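Here is how the chains run, residue by residue.
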Amino acid sequence: GEFFGGHPICFPSVTSAHAAVLPLLASGSLDEDGRPVTFLFDHQAHASMQMQIPTLKQTAEVVDLPHNDVTAFANATRVAVENERLAAQVRSGPWQ
């Protein structure tokens, strides 16, 4: 399905998967247009994702957002899209 006009990618909560896929996403390789990426991190995202932040910052923008704040995520996604960036929301689970 679509979420804010994009297609969600679900990551398993496995440290090795996060270590392999998040930097690949940051590189722009997974976007056919090669747009720069803005990662929107839920403040309570799993540590295996948060430990990737220094690596991600080398090639992408990283924004820390309040836990489960749907409005903050929606606004940050809108800003990223308006700036022609790919918005990647990074969370540990479903919205509550």
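Values in this document were obtained by computation on a predicted structure and should not be read as measured data. (Residues numbered from 1 in each chain as written. Predicted model: local features only at pLDDT ≥ 70, side-chain atom pairs only at ≥ 80, totals over all residues. Heavy atoms only, no water.)

Enquirer: Just checking my understanding: could you explain the overall build of the protein for this structure?
Expert: In terms of regular secondary structure, the protein is built from four helices and three strands. Ordering the α and β elements of the protein from the N terminus gives α-β-α-α-β-α-β. The buried share of the protein, reckoned over its 96 residues, is 35%. In the protein, once contacts between residues fewer than 6 apart in sequence are set aside, the share between residues at least 24 apart is 59%. (Helix = DSSP H or I, 4+ residues; strand = E, 2+ residues; numbered from the N terminus. Buried < 20%, exposed > 50% of the residue type's maximum accessible area, 1.4 Å probe, protein only. Contact = heavy atoms within 4.5 Å.)

Enquirer: How do you make sense of helix α1 (residues 15-26) when you look at a structure like this?
Expert: An α-helix turns once every 3.6 residues. As a result, residues three or four positions apart point the same way. For α1, spanning twelve residues, the distance from its first C-alpha to its last is 17 Å, which sits close to the expected 16 Å at 1.5 Å a residue. For α1, the set of buried residues is A17, H18, L22, L25 and A26. Down the axis of α1, the smallest arc covering the buried residues is 130°, so these residues share one side. Along its buried surface, α1 packs onto β1 (37-42), α2 (47-50), α3 (53-56) and β3 (86-90). (Expected span 1.5 Å × (residues − 1). Arc of directions from axis to C-beta.)

Enquirer: Sorry, what's going on with the sheet that holds β3 here?
Expert: Spatially, three strands are ordered β2-β1-β3 in an open sheet, and the strand pairing comes out parallel. Taken across any chain shown, the strands that pair with only one partner, and hence form the sheet edges, are β2 (61-65) and β3. Between one strand and the next, the sheet's axes are offset by a mean angle of 20°, whatever the strand orientation. Examined bridge by bridge, β1 and β3 share five bridges and lie parallel to one another. (Pairing = 2+ DSSP bridges. Axes fitted to C-alpha atoms, helices over the stretch in contact; angles between N-to-C directions.)

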